[in-house]
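Chain residues, written in single-letter form:
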Amino acid sequence: MEEAEACPVPVLTAEKRSLPDEDPDHAAKRLRVEEEEESRGEDEEEQLEEEVEESFADMMKHGLSEPDVGILKFISEHKGFSGVLKERYSDFVVHEINKDGKVVVLDDLSVPAEAEVRAHITHTTLTEEQKQQLDELQLFKNKEGSVSIEVQEDSKEKRTLLHRAVKTLYPGLETKTEDREGKKFIVAYHAAGKTALAAPRKHSWPKNRGSFCHFVLYKENKDTMDAINVLSKFLRVRPNMFSYMGTKDKRAVTVQEIAVLKISAERLSHLNKCLMNLKLGNFSYKKWPLKLGELQGNHFTVVLRNISGSLEQVEQAMTSLRETGFINYYGMQRFGTTAVPTHRVGRAILQNNWKEVVDLILKPRPGAEKGYLVKCREEWARSQDPEAALKKLPVKRCVEGQLLRGLAKYGKNNIITAFGLIPRNNRLMYIHSYQSYVWNCMVSKRMEAFGLRAVEGDLVLRGSECVCAEKHSVHDVVMPLPGFDVIYPTHSVGGGYRDMLSADDLDIDSMRHKVRDYSLAGAYRRILIRPRDVSWELIQYDDPRISVGLFSAWPKNVSHSFSLDQGKYRALKMEFSLPSSTYATMAVREVLKMDTSIKNQTQLNTSWLN
């Protein structure tokens, strides 16, 4: 599936919103202009990126490595060995574990029985020729095309049935009624086209049906928000109509539960025939949406290619992972992939150094970046003109574009308000990244000082309260993320928090910020994690491109056959379950005893393939 050409789909990456105090009519006009600009920008993006001649591996030399974010220690005693992580996205498979402790799988692509009856009724409304024309329109790359259906024996009921049939069976298409020489026609067109300026018609919803359609989403090489934006654009609804329990990695195959408000199972099911790298199934109707954090965790299937370790080394490493676990570091993805780590931006926010915040986000930087971002940064460095820099961005929905829009609207002397145009979750990501950086550094100090010994002054949770305990297991020990509502260890590492924040010109006793959103309450996190359901096997194979781990997540009705019991290459396939907010890459790091950063893995990957 990885090599197949993707079905052309329009993508909306962030929910559109009006600027503060903006006239609604002006806002609507501006949003239409912006959508057209972004549509053109997506076409230009590939051309701009071709101008960057450095290889990805060369650019990633400027990226972060584990010591840069405080990841320093190991706890197992085995000798480490090398292996390539995520050489293919299908080497990293994630199944959500829902709040009932059940591993989420996609094993049923059918729609609920009552939806099948509805689909049959609407399907018989259209002739075979009309269905074929609509099929071609839905999949056609020209979003400005249309299909006209003459209404035979015209009546309002007949027209309503045709409107409903088209929009139910062909998500992504919209309809309107036209009079032509005394005859009525239903005209179907793409919701993403320039003609789609009117609000979508509402679909009827049975009163005895739950308002939310829950379904399992299988996706490949696409993060959760991008996948939802694809679905929302096809269904012509806002992304905030969807809810989920947790976000999943992009470079992976993932299976998770999603809920959407008042979109029928048959409309969702019909997306399966044209979306690539996405699959929807296991539909059901419920009265409630999903909430972030409701999941118990995730089950991982990870394939490490080209491993150098002996059978004995692998057995020692995996046994240690099962019995002792690993240090619960925040993984590299918490800190970004460029030469400017997100925790540095977070530190500047907490310091109230807003000029540095803008500089860190917008200044030129070495490393892997899209060509249009490079041009935007260069313009900003040259002119300090937000409008001029904004013109260099064909796609303005990125953080840089949102910040530049704010600066253009509110001026460079009102940075806090301008920064507020960036979505709240993105803004909080920066300060949470700083907390994570401090936590990583402090847990490294604690492991260096005391190792796997539980010592006096450690903190443990007793219900909802955190206390210093005299007798405890090291697996119960927690350490705080800095904030105004936590306590710190009473041994030497507790003083390390104060020293580190003081070196960053921050006062550990004053973690409230004048902007309420940026006040840090703090939290507690276990220093060690023991995975559950740990298993492993060594696999031999000949084709380096084979998707070794993918078959564990494929829907049951997708065929696959290959042999993995012989070949010149060796891989370690490992499975384990982790609680939420825990990083599987840190478990892999403990097994290999090597740097899991993109910077290091890209070099390993490039060396192997060459």
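Residues numbered from 1 in each chain as written. Predicted model: local features only at pLDDT ≥ 70, side-chain atom pairs only at ≥ 80, totals over all residues. Heavy atoms only, no water.

### Side note on the overall build of the chain
Consideration 1: Helices and strands together make up the secondary structure of the chain, namely 18 helices and 18 strands.
Consideration 2: Within the span of the chain, comprising 610 residues, buried residues form 51% of the whole.
Consideration 3: Considering only intrachain contacts with a sequence separation of at least 6, the fraction spanning at least 24 residues in the chain is 77%.
Consideration 4: Surface accessibility of the chain: about 28800 Å² in total, with carbon and sulfur atoms responsible for 46%. (Helix = DSSP H or I, 4+ residues; strand = E, 2+ residues; numbered from the N terminus. Buried < 20%, exposed > 50% of the residue type's maximum accessible area, 1.4 Å probe, protein only. Contact = heavy atoms within 4.5 Å. Areas by Shrake-Rupley, 256 points an atom, 1.4 Å probe, with all protein chains shown as cover.)

### Some thoughts on the sheet that holds strand β3 (residues 146-150)
Strand pairing within a sheet occurs via backbone hydrogen bonds; the two strands may be parallel or antiparallel.
Consideration 1: A sheet is described by the order of its strands in space; here 3 strands give the open sequence β3-β5-β4, paired in antiparallel fashion. Edge strands, defined here as strands with exactly one partner in the open sheet, are β3 and β4 (173-180). Between one strand and the next, the sheet's axes are offset by a mean angle of 25 degrees, whatever the strand orientation.
Consideration 2: Pairing of β4 with strand β5 (residues 183-190) involves 8 bridges; the strand directions are antiparallel. Following the sheet pairing, E174 is matched in β5 by Y189.
Consideration 3: Each of β3, β4 and β5 is contacted by helix α4 (residues 128-139), which is oriented at about 160 degrees to β3, the strand it contacts most. (Pairing = 2+ DSSP bridges. Axes fitted to C-alpha atoms, helices over the stretch in contact; angles between N-to-C directions.)

### Observations concerning the confidence of the model for the chain
Consideration 1: Of all residues in the chain, 79% have pLDDT values of 70 or greater, and the mean over the chain is 82.
Consideration 2: For residues 194-202, every residue scores under 50 in pLDDT, and the model assigns this stretch 19 contacts once sequence neighbours within four places are set aside. (pLDDT = per-residue confidence, 0-100.)

### Topic: the pattern of salt bridges
Consideration 1: Taken as a whole and judged by the stated rule, the model has 23 salt bridges.
Consideration 2: Close ionic contact of E257 with K286 constitutes a salt bridge, the shortest N to O distance being 4.0 Å. Of this pair, E257 sits in strand β8 (residues 253-261) while K286 sits in strand β9 (residues 278-286), and the two are 29 residues apart along the sequence.
Consideration 3: E257 gets classed as buried once you look at its relative accessible area, which sits at 13%.
Consideration 4: Look at K286 and you get partly exposed, because its relative accessible area is 29%.
Consideration 5: Residues joined by salt bridges that share partners form a network here, namely E87, D91 and R305. (Salt bridge = Lys/Arg side-chain N within 4 Å of Asp/Glu carboxyl O.)

### What to know about the sheet that holds strand β15 (residues 523-526)
Consideration 1: The 4 strands are arranged β13-β12-β14-β15 in an open sheet whose pairing can be described as antiparallel. Edge positions in the open sheet fall to β13 (465-468) and β15, since each of these has one partner strand only. On average, each strand axis in the sheet is inclined to that of its neighbour by 55 degrees, with strand direction left out of account.
Consideration 2: Strand direction decides the pairing type here: strand β12 (residues 459-462) and β13, joined by 4 bridges, are antiparallel. Residue L459 lies in a different strand from β13, and its bridge partner there is C468.
Consideration 3: Across the sheet, helix α15 (residues 424-450) lies against β14 (477-481) and β15, angled at about 140 degrees from β14, the strand it touches most.

### Quick word on helix α10 (residues 354-362)
Consideration 1: Of the positions making up α10, those classed as buried are W354, V357, V358, L360, I361 and L362.
Consideration 2: Residues of α10 that are buried sit in contact with α9 (342-350), α11 (371-383), α13 (399-410), α14 (415-419) and α15.

### Comments concerning the pairing of β3
Consideration 1: Of the two faces of β3, only one is covered, namely that formed by V147 and I149; the face formed by S146, S148 and E150 stays uncovered.
Consideration 2: Where β3 meets β5, 5 bridges bridge the pair, whose relative direction is antiparallel. Residue E150 lies in a different strand from β5, and its bridge partner there is F185.

### So, the layout of surface pockets
Unoccupied space between atoms shows up once a probe the size of one water molecule is rolled over them.
Consideration 1: Quantified by volume, the second largest pocket comes out at close to 340 Å³.
Consideration 2: In terms of lining, the second largest pocket is formed by 19 residues, of which the most central are N98, V104, V216, E257 and K286.
Consideration 3: When the residues that make up the lining of the second largest pocket are grouped by side-chain class, the tally is 8 nonpolar, 4 polar and 7 charged. (1 Å grid on protein atoms, 1.4 Å probe; cavity = no way out; pocket = protein on both sides within 12 Å on 5 of 7 lines; lining within 4 Å. Points joined across faces, edges and corners; volume = space filled by probe spheres on them. Nonpolar A, V, L, I, M, F, W, Y, C, P; charged D, E, K, R; others polar.)

### Digging into unusual backbone geometry
Consideration 1: The phi dihedral of K262 is positive, around 50 degrees, even though this residue is not glycine.
Consideration 2: Relative to the elements of secondary structure, K262 occurs in the loop between β8 and α7 (265-270).
Consideration 3: Residue K262 is classed as partly exposed on the basis of its relative accessible area, which comes to 45%.
Consideration 4: The phi angle at N352 is positive, at roughly 65 degrees, despite the residue not being glycine.
Consideration 5: Structurally, N352 can be placed in the loop between α9 and α10.
Consideration 6: By relative accessible area, N352 is classed as partly exposed at 32%.

### Considering the pairing of strand β10 (residues 297-305)
Consideration 1: Of all 9 residues that make up β10, 9 are buried, and the element is covered over most of its length.
Consideration 2: Where burial is concerned, the two faces of β10 agree: the one with G297, H299, T301, V303 and R305 and the one with N298, F300, V302 and L304 are both buried.
Consideration 3: One ladder, built from 2 bridges, connects strand β1 (residues 84-85) with β10; its direction is antiparallel. When the bridges of β10 are listed, L85 appears paired with L304.

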